[in-house]
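Each chain, written out:
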Amino acid sequence: MIDVVTHPDLVRLHPTGHHPDTPRRLEVLLGSIDEWVEAGPTTREQVERCHASEYVDLVQSVREPTWLDGDTLASETSYEAALLAAGASIQALETGGFAVVRPPGHHALPNRAMGFCLFNNVAIAARHAQAELGLERVAIVDWDVHHGNGTEEIFRDDSSVFFVSMHQWPFYPGSGGPDDQGETTLNVPLSAGSGDEEYQDAFDRVVEPAVRAFAPDLVLVSAGFDAHEDDPLASMKVTEDGFRELARRSAALAPRFAAVLEGGYNLSSLPRLVSAALEGFS
């Protein structure tokens with residue numbers, strides 16, 4: 001089994017009340033995982049490889065519950081939580097592990113928060129891989145139910161990072177449609193109600209050939225579990241076995257891989273789905 005990289009303080013930090021990204025997500029996951037590796041925070045310098053300094057200042061300056069956009073709440077400890085989440089993502093990258101973190105990251109844009117996300121964890125890890133580990137070609141495979149628009153924007157004009165997003169469409173955030181493509185951007189919009197068969201067909205027919213043609217040194221997975229059949233925020237039908245298979249196929253795409261938790265909001269099913277993904281990644 002691969003390492004789970006996290007920090008127990010992520011249950012306490014970044015309180016969000018009745019928001020879907022509740023601290024209970026981490027609480028139930030850590031309660032279901034026997035062992036994990038404790039991560040430390042990343043540095044501001046690493047965050048600024050993906051985010052504007054003025055935006056980092058804004059997150060750091062929050063002293064009371066503040067809505068940074070219509071969906072994204074920050075508090076006086078959110079900056080600390082966001083640094084820990086990005087730090088765990090970097091550590092998972094270095095060891096080939098799975099960063100089990102919150103807040104999620106793939107909607108975070110270079111200069112603003114969006115969709116529950118403060119800093120783009122998987123993008124920060126990708127830049128660390130290139131800057132510190134000498135891994136030149138990175139592929140990011142995102143199977144969260146929502147389009148990873150923040151990750152796409154950060155790497156849109158970067159030929160060294162190949163970004164793939166499989167997601168429900170049309171759906172929040174409204175991007176990632178069939179015409180939103182690029183040399184190193186591949187969006188795979190799927191209809192509401194898609195399940196294991198549709199995801200695996202799209203992976204075999206579109207995602208795997210494209211990623212293998214790019215020949216990455218590293219694959220990073222934005223592992224969201226909100227495409228599950230019981231998730232309250234979307235309308236997909238992926239099962240526990242489906243996530244196990246997505247994880248297995250994603251991990252096989254490059255010599256090195258790591259994964260970062262994104263969405264997944266049914267507290268009853270989330271531990272089972274993460275456990276299934278861990279089996280697949282292993």
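Structure: see above.
The sections below set out a description of the structure shown in this document.

**As for the side chain of Thr184**
Then, number 1: Mapping Thr184 onto the fold places it in the loop between strand 7 (161-168) and strand 8 (185-190).
Then, number 2: From its side chain, Thr184 meets the backbone oxygen of Asp158 in a polar contact 3.3 Å long.
Then, number 3: When sequence neighbours within four positions are dropped, the list of residues in contact with Thr184 reads Arg156, Asp158, Ser159, Val161, Phe162, Phe163 and Phe214.

**Observations regarding the packing of aromatic side chains**
Then, number 1: In this structure the tally under the stated criterion is 10 aromatic pairs.
Then, number 2: Plain terms: the ring middles of Tyr55 and Phe119 are 6.0 Å apart, the flat faces sit at 85° to each other, and that makes the pair edge-to-face. One end of the pair, Tyr55, is in helix 3 (residues 53-61); the other, Phe119, is in the loop between strand 5 (98-99) and helix 5 (121-132), with 64 residues separating them in the sequence.
Then, number 3: Tyr55 sits in the buried class, given a relative accessible area of 4%.
Then, number 4: Overall, Phe119 belongs to the buried group, its relative accessible area being 2%.
Then, number 5: Here the aromatic rings of Phe116 and Tyr265 are separated by 5.7 Å at their centres, their planes lie at 90°, and the arrangement is edge-to-face. With Phe116 in the loop between strand 5 and helix 5 and Tyr265 in the loop between strand 10 (256-261) and helix 9 (270-281), this residue pair connects regions lying 149 residues apart in the sequence. Tyr265 carries the same exposure label as Phe116, and that label is buried.

Calculation rules
The numbers attached to residues start from 1 for each chain and follow its sequence in the written order. Totals for whole chains, interfaces and linings use all residues, but because this is a predicted model, local features are given only for residues with pLDDT of at least 70 and pairs of side-chain atoms are given and counted only at 80 or more. The basis for the side-chain values is all heavy atoms of the structure; hydrogens and waters are excluded. Counting from the N terminus, the helices are DSSP H or I runs at least four residues long and the strands are E runs at least two residues long. Polar contacts, as used here, are pairs of N or O atoms within 3.5 Å; protein pairs need one atom able to donate a hydrogen and one able to accept it. Residues neighboring in sequence count only if both atoms are side-chain atoms. Any two residues whose heavy atoms approach within 4.5 Å at even a single point are treated as in contact. Ring pairs are drawn from Phe, Tyr and Trp, using the six-membered ring of Trp, whenever the two centres fall within 6.5 Å, and their geometry is named by plane angle: stacked under 30 degrees, edge-to-face over 60, tilted for the rest. Think of it in three bands: with a 1.4 Å probe and only protein chains considered, a residue is buried below 20% of the maximum accessible area for its type, exposed above 50%, and partly exposed in between.

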